[in-house]
Amino acid sequence: MSPSARLLVVGLLLVLTGCSGPAVRFVPEDGVHVVKRGETLYSIATAYDMDWRELASRNGLRPPYTLHVGQRLVLAENRVTQEGAASDPGPQASGKMRKASPPLPPIGRIPWVWPTEGRVVTTFVQGHATRKGIDIAGELGQPVRAAASGEVVYSGSGLAGYGKLIILKHDERFLSAYAYNQALLVSEGETVQSGQIIARMGQAEAGKPMLHFEIRLDGNPIDPLRQLPQASR
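Quick notes on the rules
Residues numbered from 1 in each chain as written. Predicted model: local features only at pLDDT ≥ 70, side-chain atom pairs only at ≥ 80, totals over all residues. Heavy atoms only, no water. Core = buried A, V, L, I, M, F, W, Y, C linked by side-chain atoms within 4.5 Å. Buried < 20%, exposed > 50% of the residue type's maximum accessible area, 1.4 Å probe, protein only. Helix = DSSP H or I, 4+ residues; strand = E, 2+ residues; numbered from the N terminus. Salt bridge = Lys/Arg side-chain N within 4 Å of Asp/Glu carboxyl O. Pairing = 2+ DSSP bridges. pLDDT = per-residue confidence, 0-100. Contact = heavy atoms within 4.5 Å. Phe/Tyr/Trp six-rings, centres within 6.5 Å; stacked < 30°, edge-to-face > 60°. Polar contact = N/O pair within 3.5 Å; in protein donor to acceptor, adjacent residues only side chain to side chain.

All right, on to the nonpolar core then. Of all hydrophobic cores here, the largest spans 26 residues; its most connected members are W112, L168, Y178, I198 and F213. Only β4 (134-137), β7 (164-169), β8 (174-184), β10 (197-201) and β11 (210-217) provide two or more residues apiece to this core. Here this core gets four residues from one element, more than from any other, and that element is β11.

Printed below as a string of C-alpha cells:
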C-alpha cells in the first residue's frame with residue numbers, strides 16, 4: 001500500500017475510534033435513547049458525541065437535569081419526539097407543498113453499486129457526529145457486497161462499536177466502510193470486484209440486522225446516497 005493510501009486508512013480509523021475515550025454509538029433508528037440505570041445526561045451525550053447542553057435543550061431539561069429509568073431522550077432532529085409524534089410537521093404543515101430539491105450529481109467517476117439490499121433507515125447528515133453514513137436494514141446473514149472495485153485495507157473487529165468491519169480503498173481519494181457484519185469473507189490485501197460478496201450482514205447494538213455503510217473522500221465522509229444509483233433507492 002502506498003504511503004498516501006496508508007495515511008487515508010489511518011485517518012479513517014482514527015475518526016471511527018474517536019481517537020480517545022469511549023466508543024461513539026450510532027443514533028438509534030428512531031432517534032431516541034431510552035435511559036438506563038446509572039446513566040446521566042452527560043454520560044449519554046458523551047456516548048453519542050453530543051454536547052450535553054444541546055441534548056438538555058432539545059429535551060426541555062432544566063437543572064439539576066434529573067433523569068429517570070425508561071425516560072426517552074430525543075437525540076436527532078426531525079425524528080420521533082418524547083410523546084411519540086413526528087417532530088417534522090411534513091410538507092403540508094404550512095399549507096404549501098415544498099418543492100423537492102434535485103439530487104446532487106455524484107462526485108468523481110467511480111461506478112458505485114449498492115452494498116446490500118434493504119431499506120435505508122438512517123441517512124447521512126453533513127457534520128453530524130454519528131451520522132457519517134447510512135444504515136441499511138435487511139436480514140441476518142444476507143450478502144454484503146463491495147460497492148466498487150478496490151483493495152481490502154482493513155478486515156477485522158478491533159474497533160469498538162463497529163462490530164466486524166471492512167474498509168476498501170478504491171483509488172487515491174475514495175474509501176468505503178462496511179460495519180456490523182456477521183462474518184467477514186475477505187482479508188486485508190485482497191483485491192475485490194464491484195458487487196463481489198465480501199461479508200454477511202450482522203446486527204447493530206440495538207439488535208436489528210443492518211449494514212452501516214460509509215464513503216470517504218480524502219478521509220472525509222460524504223453522503224453515500226449521492227454516489228449510489230438513483231434507481232435502486
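Before going further, it helps to spend a moment on the pattern of salt bridges. Tallying each qualifying case throughout the model produces four salt bridges. Here E54 and R58 are joined by a salt bridge, their closest N and O atoms 2.7 Å apart. With a gap of four residues between them, E54 and R58 both fall in helix α3 (residues 52-58), about one helical turn apart. For R58, a relative accessible area of 25% translates into the label partly exposed. Two residues, D218 and R173, come together in a salt bridge whose shortest N-O distance is 2.6 Å.

Moving on, we come to the pairing of strand β6 (residues 150-156). Of all seven residues in β6, six are buried; the element is thus mostly enclosed. Note: β6 against strand β9 (residues 191-192), two bridges, orientation antiparallel. Looking at the pairing, E151 lines up with T191 of β9. With five bridges joining them, β6 and β7 adopt antiparallel strand pairing. Bridging across to β7, Y154 finds its partner in I167.

Turning our attention to the confidence of the model for the chain. Summary statistics for the chain give a mean pLDDT of 79 and a share of 74% for residues scoring 70 or more. Between residues 17-24, whose pLDDT stays under 50, and residues either more than four places distant or in other chains, the model counts 10 contacts. In this model residues 78-98 is a low-confidence stretch, pLDDT under 50, and it forms 30 contacts with partners more than four residues away in sequence or in other chains.

Here the distance between the centres and the angle between the planes together describe a pair of aromatic rings. In this structure the tally under the stated criterion is three aromatic pairs. Residues W52 and Y65 carry aromatic rings whose centres are separated by 5.5 Å and whose planes lie at 75° to one another, so their mutual orientation is edge-to-face. With a gap of 13 residues between them, W52 in helix α3 and Y65 in the loop between α3 and β2 (72-74) connect regions that are remote in the sequence. Under the relative-accessibility criterion, W52 is labelled partly exposed at 30%. Aromatic pair Y178 and F213: ring centres 5.2 Å apart, planes at 50°, arrangement tilted. Here Y178 is found in strand β8, whereas its partner F213 is found in strand β11, with 35 residues between them in sequence. Accessibility assignment for this pair places Y178 and F213 in one class, buried.

What follows is about the side chain of H33. Examined against the element boundaries, H33 turns out to sit in strand β1 (residues 32-34). Take H33: its relative accessible area is 3%, and that puts it in the buried class. Engagement of the side chain of H33 in a polar contact is seen with the side chain of E39, the distance being 2.8 Å.

Following P63, the chain continues into P64 via a peptide bond in cis, with omega recorded as 5°. Structurally, P64 is set in the loop between α3 and β2. Phi is positive for Y65, which is not a glycine, with a value near 60°. Look at Y180: it is not a glycine, yet its phi comes out positive at around 70°. With respect to the helices and strands, the residue Y180 is situated in strand β8. The class for Y180 is buried, based on a relative accessible area of 6%.

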